[in-house]
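# Chain and residue survey
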Amino acid sequence: MKSVITTVVSAADAAGRFPTSSDLESVQGSIQRAAARLEAAEKLAAGIDAVAKEGYDACIKKYPYLNNAGEANETQVKKDKCLRDIKHYLRLINYSLVVGGTGPLDEWGIAGQREVYRALNLPTAPYVAALAYTRDRACAPRDMSPQALVEFRALLDYTINSLS
């Protein structure tokens, strides 16, 4: 799993050099933001069911046609799977907050996602809507501190961009 530290060390090793001062600054910045990331991870973990359900409801409100016959959300089984997938992305965001890098998202959520959605004929726009709603609804200090919210939103944006 990639973190800022493993990425810096791997890049330096591949180049046959020691980490540069800018590499070390990157690691230092990641360490300085660790408390905020862990706060965001803790808050997300504590409310993941509610956060996922709110995101799911927002995407269905925006795309109600998905509940029609022949669409991606037509049966209860498909609805449950959609909610499960939203929760899966949030869990990967949680893991990424803990590690301090996008490794979990890259390895378990983004790699091959377009091909899977295309093969299953699933639209990505509803997932984007659910995650965008989550990003826009979250606020400080109600949900978490301002710095924790910055870390959380950055990973939501990263995921949204990968799905877009």
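Residues numbered from 1 in each chain as written. Predicted model: local features only at pLDDT ≥ 70, side-chain atom pairs only at ≥ 80, totals over all residues. Heavy atoms only, no water.

In this section: the overall build of the protein chain. Scanning the protein chain from N- to C-terminus turns up eight helices and zero strands. Reading the protein chain from its N terminus to its C terminus gives the helix and strand order α-α-α-α-α-α-α-α. Here the protein chain holds 164 residues, and the buried ones make up 38% of them. Considering only residue pairs separated by 6 or more positions, the protein chain has 67% of its internal contacts joining residues 24 or more positions apart. Of the roughly 9,000 Å² of accessible surface on the protein chain, 58% is carried by carbon and sulfur atoms. Measuring between centres, the 20 positive side-chain charges of the protein chain sit 4 Å from its 19 negative side-chain charges. (Helix = DSSP H or I, 4+ residues; strand = E, 2+ residues; numbered from the N terminus. Buried < 20%, exposed > 50% of the residue type's maximum accessible area, 1.4 Å probe, protein only. Contact = heavy atoms within 4.5 Å. Areas by Shrake-Rupley, 256 points an atom, 1.4 Å probe, with all protein chains shown as cover. Lys, Arg positive; Asp, Glu negative; His and termini not counted. Charge placed at Lys NZ, Arg CZ, Asp CG, Glu CD.)

Here we take up the pattern of salt bridges. With the rule as written, the count across this model stands at eleven salt bridges. Here Asp 57 and Lys 53 are joined by a salt bridge, their closest N and O atoms 2.7 Å apart. Separated by four residues within a single helix, Asp 57 and Lys 53 lie in helix α3 (residues 34-62), roughly one turn from each other. Exposure remark for Asp 57: the relative accessible area of 36% places this residue in the partly exposed category. A salt bridge links Asp 143 to Arg 142, with the shortest nitrogen-to-oxygen separation between them at 2.8 Å. (Salt bridge = Lys/Arg side-chain N within 4 Å of Asp/Glu carboxyl O.)

Next up on the list: the nonpolar core. If you look at the biggest cluster of nonpolar residues, it comprises 36 residues, and the most contacted ones within it are Ile 86, Leu 90, Ile 93, Leu 97, Leu 131, Phe 152 and Leu 163. For this core, the elements supplying multiple residues, two or more each, are α3, α4 (76-99), α5 (103-110), α7 (125-137) and α8 (146-163). Top contributing element to this core by residue count: α3, with nine residues. In this view, Leu 90 contacts Leu 44, Ile 48, Val 51, Ala 52, Leu 131, Thr 134 and Leu 156; residues no more than four positions away in its chain are not counted. (Core = buried A, V, L, I, M, F, W, Y, C linked by side-chain atoms within 4.5 Å.)

Another aspect to go through is the side chain of Asn 73. Of note, Asn 73 is situated in the loop between α3 and α4. In this structure the side chain of Asn 73 is engaged in a polar contact, spanning 3.4 Å, whose partner is the backbone nitrogen of Lys 79. The residues touching Asn 73, leaving out its near neighbours within four places in the chain, are Tyr 56, Ile 60, Leu 66, Asn 67, Lys 78, Lys 79 and Cys 82. (Polar contact = N/O pair within 3.5 Å; in protein donor to acceptor, adjacent residues only side chain to side chain.)

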